[in-house]
Amino acid sequence: MTATLATLRKSRRVSQLELSLRAGVSQRHLSCIETGRARAGRETLIALLDALCASLEERNQALLAAGYAPAHAERALDAPEMAPVRAALEQLIHANGAAPALVLDGEYNVVMANAGLARLLALLGLPADAMLAQPLNLLRAVFAPGGLRALCVDEAWLCNEMWARASREAEHLPRLRALLDELRPTLQPWVAQEAASHLPVLAFRLRAADGRTLSFFSTVTSFGTPLDITLASLKVEHLFPADEITRRALADSRAS
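These numbers come from a predicted model, not from an experiment.

Definitions and limits used
- Residues numbered from 1 in each chain as written.
- Predicted model: local features only at pLDDT ≥ 70, side-chain atom pairs only at ≥ 80, totals over all residues.
- Heavy atoms only, no water.
- Helix = DSSP H or I, 4+ residues; strand = E, 2+ residues; numbered from the N terminus.
- Buried < 20%, exposed > 50% of the residue type's maximum accessible area, 1.4 Å probe, protein only.
- Contact = heavy atoms within 4.5 Å.
- Pairing = 2+ DSSP bridges.
- Axes fitted to C-alpha atoms, helices over the stretch in contact; angles between N-to-C directions.
- Core = buried A, V, L, I, M, F, W, Y, C linked by side-chain atoms within 4.5 Å.

Draft legend 1. Just the environment of Ala38, in detail. For Ala38, the position within the fold is in the loop between helix H3 (27-35) and helix H4 (42-51). Exposure remark for Ala38: the relative accessible area of 23% places this residue in the partly exposed category. Apart from the residues lying within four places of it in its own chain, the contact partners of Ala38 are His29, Cys32 and Ile33.

See below:
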């Protein structure tokens, strides 16, 4: 626990004095906790973790290292007690007229997808049924040599934004950090570029198989008050058409 708490504090660039003020714990007592000369009570440890905005996984690790039971479960998405959550996710991505959408876990594995995403993959000339029928990791699919990034008109922009977002999330998700470390040696270089779109959201353009350019912007939805590690990492990403050509292409693919 000593190294865990100190590591969390240092990773967030918070001094002992600042953390002690945030958590209402004396700096001397905090120093003793970090050096192992004192043992933090469970409530004190939770207060310190709250003050550090620790993720649920980090909280469990710190509690376990201190000899306490973990505070948060990590249930599989297909567990019986997660049925209401699955139903909510299904409703969110399969709503009538829903844009292409997918549900990602903390390591960017696609755990759910809607028919709109399958139609988009088909427009891009990709084998949608085969891709979505097996475990699909979005980061692997995009950043692998010859991967999906090659279909993006704004390849460098998208690669920079996706990698930066995943890197920020990986600071609090060890398994995602391990995946990025695995992918990093195989990355093909890209040069940083400014966004081609003036939209105040993540926008990008994809090359369709018929030569058209499809324009999208992305929105991400997450659970606001998760009490489970799995839920804390889930995110729902919708790809909304950014122009009339893209709206028409999606509508035509739905009608066919």
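And the narrative resumes.
Draft legend 2. Inspection of the pairing of strand S4 (residues 202-207) at higher detail. Strand direction decides the pairing type here: S4 and strand S5 (residues 213-222), joined by 6 bridges, are antiparallel. In the strand pairing of S5, Arg205 is matched with Ser215. The loop that links S4 with its antiparallel partner S5 comprises 5 residues; one of these, Gly211, has a positive phi angle of about 95°.

Draft legend 3. Geometry of the sheet that holds S4. Spatial strand order, S3-S2-S1-S6-S5-S4: 6 strands in an open sheet with antiparallel pairing. Of all the strands in the sheet, the pair left with one neighbour each is strand S3 (136-137) and S4. Across 4 bridges, the pairing between strand S1 (residues 101-104) and strand S6 (residues 235-241) is antiparallel. Paired with Val103 across the strands is Val236, a residue of S6. Running over the sheet, helix H7 (residues 115-123) touches S1, strand S2 (109-113), S5 and S6 and is turned about 150° from S5.

Draft legend 4. Inspection of the nonpolar core at higher detail. In this structure, Leu139, Leu176 and Phe216 are the most contacted members of the largest nonpolar core, which totals 37 residues. Here this core takes 6 residues from helix H10 (residues 155-170), the largest share from any one element. Setting aside residues no more than four positions away along its own chain, Leu139 makes contact with Tyr108, Ala144, Met162, Ala166, Leu176, Leu179, Leu180 and Leu183. Counting 19 residues, the second largest nonpolar core, distinct from the first, contains Leu8, Leu30, Ala40 and Leu45.

Draft legend 5. Up close: unusual backbone geometry. Located in the positive-phi region is Cys53, a residue other than glycine, with phi close to 55°. Mapped onto the elements, Cys53 comes out in the loop between H4 and helix H5 (56-65). A relative accessible area of 62% places Cys53 in the exposed class. Even without being a glycine, Tyr108 presents a positive backbone phi close to 70°. Looking at where Tyr108 falls in the secondary structure, it is placed in the loop between S1 and S2.

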